[in-house]
Amino acid sequence: MHESRRSERLMQVMDEINQQQGRNTLVMGASRPVANWHMKQEHRSPAYTTSCKDLPRVVAR
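Our subject in this report is the structure included herewith. (Residues numbered from 1 in each chain as written. Predicted model: local features only at pLDDT ≥ 70, side-chain atom pairs only at ≥ 80, totals over all residues. Heavy atoms only, no water.)

Thoughts on the overall build of the protein
Threshold: Only DSSP runs of H or I with at least four residues qualify as helices, and only runs of E with at least two residues qualify as strands; both kinds are numbered from the N terminus onward. To sort residues, take the accessible area from a 1.4 Å probe on protein chains only and compare it with the maximum for the residue type: under 20% means buried, over 50% means exposed, and anything in between is partly exposed. All accessible areas in this document rest on Shrake-Rupley with a 1.4 Å probe, and a residue is counted as covered only by the protein chains that are shown.
Across its full length, the protein carries one helix and zero strands. Scored against the burial criterion, the 61 residues of the protein give a buried share of 7%. Only carbon and sulfur atoms are counted for the fraction: they give 52% of the accessible area of the protein, which is about 6500 Å².

Structural notes on the pattern of salt bridges
Which entries qualify depends on this criterion: Salt bridges are defined by distance alone: a side-chain nitrogen of Lys or Arg within 4 Å of a carboxyl oxygen of Asp or Glu.
Summed over the entire model, instances satisfying the criterion amount to one salt bridge. Measuring nitrogen to oxygen at the nearest pair gives 3.9 Å for the salt bridge that ties arginine 9 to glutamate 16. The exposure class of arginine 9 is partly exposed, given its relative accessible area of 40%. Residue glutamate 16 is classed as partly exposed on the basis of its relative accessible area of 39%.

The following block contains the structure:
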């Protein structure tokens with residue numbers, strides 16, 4: 001399939017999914033708006049990448 005036809009078909013499929021699932025369900029990666037939130041870090045360990053003993057333990061039953 002020619003590249004422009006593939007691109008056109010991709011846009012059609014994305015439009016169909018967005019119509020079914022809601023506006024902006026799918027967007028091109030470069031067009032996503034910058035998030036205006038930040039990760040909460042008050043519970044982060046001072047050594048969160050280096051000390052396994054500081055990681056919380058979770059047990060599933």
